[in-house]
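Okay, here's what each chain looks like letter by letter:
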Amino acid sequence: MDVVDSELLPGVITTRIDDAVGWARKYSIFTYPFVTACCGMEFMSTACSHYDLDRFGAAFPRFSPRQADVLMVVGTISHKMAPVLRRIYEQMASPKWVVAFGVCTCTGGFYDNYATVQGIDKIVPVDVYIPGCPPRPEAVLKGLMLLQEKIRKQGWKGQ
Amino acid sequence: MSSVRETLRAELGAAVLSARGEGLDSVLVLDAGAVPGALARAQALGCNVLVDITCVDHLRWVPAGRGTPSHPDRMPRWELPKPPSRFKLVYRLMALDAGQGAVRERLALECWLEGDAGPASARSLWPNADWLEREVWDMFGVRFSDRPDIKRILMYEEFVGHPLRKDYPIGKRQPLLGVDDGAAPAALSDEELRPSPGGKRP
């Protein structure tokens with residue numbers, strides 16, 4: 001964010017609305033954890049104090065899609081679950097982002113079979129893919145920072 | 001007190017085609033027509049838990065000494081008897097003494113099916129048979145004679161075919177739900193789902 005100290009009024013800074021909104025949104029991510037499988041354990045470990053998602057302003061899970069900004073899809077998505085995930089995504093208010101957490105959500109992983117959706121990007125648009133089975137907390141934090149960067153650059157207009 | 005297995009064997013007589021296994025692995029292979037009666041009798045004799053109902057698809061039986069079509073050099077490690085028909089239905093029962101917390105007996109009842117026609121439902125004996133039969137229908141397409149309107153349980157309703165059948169193509173993907181709104185699911189082509197020798201397709 002470009003910040004210029006005002007010459008006219010001390011204690012006032014000037015910036016662009018795009019930068020200010022992007023910066024604010026990036027540090028106030030409310031996540032909707034859509035946890036269906038074993039990756040959920042890794043998500044919990046990342047969210048807890050040892051790795052501390054709260055540093056990124058993203059520690060507050062909202063279990064209502066209306067209140068969430070980021071849909072964290074954590075775990076294998078079966079074809080039977082797919083319409084549910086789609087509906088959750090559609091219920092979220094804009095601006096909204098989606099993180100595919102773990103290889104099953106990215107590509108189906110080793111569940112290359114009749115029951116599993118081969119990557120959730122066939123159902124909902126995905127902003128950040130975090131591969132791994134499960135991804136290590138470091139990878140999750142890296143993915144979260146990439147998402148923050150994306151949110152910041154999008155600025156006022158959202159996605 | 002004699003075991004459920006021995007009592008059943010004595011009572012059913014010729015309807016018991018064979019028996020194998022001992023103790024916790026006891027298996028009685030029954031004539032399909034005798035299964036509903038045998039289940040009711042087994043419950044009366046103390047098998048109070050229906051552990052599982054499952055099915056085995058013996059579509060591709062290969063005699064010993066000949067490899068499979070895709071792997072000619074892969075020999076079966078032992079001679080398997082030629083299956084009398086394609087589907088084998090398995091009921092796993094348990095006699096549980098809940099007061100003692102002890103399993104008194106385990107028994108599996110098996111039967112070979114004519115095509116995909118299964119016996120009558122066991123719902124009236126064990127309520128959990130409802131879901132187990134729906135699973136067998138969903139995965140294998142076995143029809144239980146008194147459940148013509150049975151519903152799938154694991155797959156969604158628009159799914160076509162029965163995925164655990166050996167002739168369900170392993171790479172077959174069906175249309176996604178929620179994206180192709182309004183589009184009817186495509187049926188499997190004949191090439192994709194070959195008619196099975198032992199059973200009629202639903």
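You'll find the structure just up there.
Presented here is a report on the structure given in the accompanying data block.

Cut-off values and rules
- Residues numbered from 1 in each chain as written.
- Chains lettered and ligands numbered in written order.
- Predicted model: local features only at pLDDT ≥ 70, side-chain atom pairs only at ≥ 80, totals over all residues.
- Heavy atoms only, no water.
- Helix = DSSP H or I, 4+ residues; strand = E, 2+ residues; numbered from the N terminus.
- Buried < 20%, exposed > 50% of the residue type's maximum accessible area, 1.4 Å probe, protein only.
- Contact = heavy atoms within 4.5 Å.
- Areas by Shrake-Rupley, 256 points an atom, 1.4 Å probe, with all protein chains shown as cover.
- Lys, Arg positive; Asp, Glu negative; His and termini not counted.
- Charge placed at Lys NZ, Arg CZ, Asp CG, Glu CD.
- Axes fitted to C-alpha atoms, helices over the stretch in contact; angles between N-to-C directions.
- Parallel < 35°, antiparallel > 145°, perpendicular 65-115°, else oblique.
- Left-handed = near helix turned anticlockwise from the far one by under 90°.
- Nonpolar A, V, L, I, M, F, W, Y, C, P; charged D, E, K, R; others polar.
- Phe/Tyr/Trp six-rings, centres within 6.5 Å; stacked < 30°, edge-to-face > 60°.
- Lys NZ or Arg CZ within 6 Å of the ring centre and 35° of its normal.
- Arc of directions from axis to C-beta.
- Salt bridge = Lys/Arg side-chain N within 4 Å of Asp/Glu carboxyl O.
- Buried area = accessible area lost by both parts, 1.4 Å probe.
- Polar contact = N/O pair within 3.5 Å; in protein donor to acceptor, adjacent residues only side chain to side chain.
- Pairing = 2+ DSSP bridges.

On to the overall build of chain A, then. Along its length, chain A carries five helices and seven strands. When the helices and strands of chain A are placed in sequence order, the string is β-β-α-β-α-β-β-α-β-α-β-α. Once the C-alpha set of chain A is aligned to its principal axes, its extents read approximately 65 × 35 × 25 Å. Within chain A, the fraction of its 159 residues that count as buried is 44%. Taking contacts inside chain A between residues at least 6 apart in sequence as the whole, the part at least 24 apart equals 75%. Total accessible area on chain A stands at roughly 8,400 Å², and carbon and sulfur atoms take up 59% of it. Within chain A, one finds 17 positive and 15 negative side-chain charges whose respective centroids are separated by 7 Å.

It is worth spelling out the packing of helix α1 (residues 4-12) of chain B against helix α2 (residues 35-44) of chain B at this point. All names here are of chain B. Direction vectors running N to C along α1 and α2 enclose 140°, while the axes themselves pass 10 Å from each other. Here α1 lies oblique to α2, going by the angle between them. Between α1 and α2 the crossing geometry is right-handed. Taken together, the residues of α2 that come into contact with α1 (itself represented by V4, L8, E11 and L12) are A38, R41 and A42. The class makeup of the residues in the contact of α1 with α2 is five nonpolar, no polar and two charged.

What follows deals with the packing of aromatic side chains. One pass over the full model with this rule turns up nine aromatic pairs over all chains. Note on A:F30 and A:F60: the rings are 5.4 Å apart at their centroids and 90° apart in plane angle, and the pair reads as edge-to-face. Taken together, the residues A:F30 in strand β3 (residues 30-35) and A:F60 in strand β4 (residues 60-61) connect sequence positions 30 residues apart. A:F30 gets classed as partly exposed once you look at its relative accessible area, which sits at 30%. Relative to B:Y168, the ring of A:Y114 lies with its centre 6.3 Å away and its plane at 75°, an arrangement referred to as edge-to-face. Here A:Y114, found in the loop between α4 (103-107) and β7 (128-130), pairs with B:Y168, found in the segment after β7 (143-144), and the two come from separate chains. An aromatic cluster is defined as three or more aromatic residues linked by ring pairs; in this entry it consists of A:Y114, B:Y156, B:F159 and B:Y168. We note A:K96 situated over the ring of A:Y89; from NZ or CZ to the ring centre the distance is 4.2 Å.

A separate point is the environment of B:L93. All names here are of chain B. Looking at the secondary structure, you find L93 in strand β4 (residues 87-97). Its relative accessible area of 1% is what places L93 among the buried residues. Residues L93 and A42 lie 51 residues apart in sequence; the distance between their C-alpha atoms is 8.4 Å. Every residue in contact with L93, bar those within four places of it in the chain, is listed here: L39, A42, C47, V49, L50, V51, E105, R106, L107, L109 and W126.

Let us now look at helix α3 (residues 82-91) of chain A. Residue and element names in this part refer to chain A. Among the residues of α3, those classed as buried are A82, L85, I88 and Y89. An end-on view of α3 places all buried positions within 125° of arc, on one side of the element. Residues of α3 that are buried in the fold lie against β3, β5 (70-74) and β6 (97-101).

Once that is clear, we can look at the side chain of A:T116. Secondary-structure assignment places A:T116 in the loop between α4 and β7. Once residues within four sequence positions are removed from consideration, A:T116 is found in contact with A:T76, A:I77, A:S78, A:H79, A:G108 and A:Y111.

The final tally for this structure, using the stated rule, is 16 salt bridges over all chains. In this structure, a network of salt bridges that share partners links the residues B:R20, B:K88 and B:E110.

For the rest of this paragraph, the subject is the interface of chain B and chain A. Counting residues at the interface gives 16 residues for chain B, matched by 13 residues for chain A. Where chain B abuts chain A, roughly 1,100 Å² becomes buried across the two surfaces, and 64% of that area is made up of carbon and sulfur atoms. In this assembly, chain B and chain A are joined by zero salt bridges. In this structure, the connection of chain B to chain A is made through one residue pair in polar contact (both at pLDDT 80 or more). Residue classes in the side of chain B that touches chain A are distributed as 12 nonpolar, two polar and two charged.

A few words now on the sheet that holds strand β5 (residues 102-112) of chain B. Residue and element names in this part refer to chain B. Spatially, β1-β2-β5-β4-β3 is the arrangement adopted by the five strands of the open sheet, whose pairing is mixed. What marks the edges here is a single partner per strand, and that holds for β1 (16-20) and β3 (49-57). Between one strand axis and the next, the sheet turns through 20° on average, direction left out of account. Across the sheet, helix α3 (residues 129-140) is in contact with β3 and β4; its angle to β3 comes to roughly 10°.

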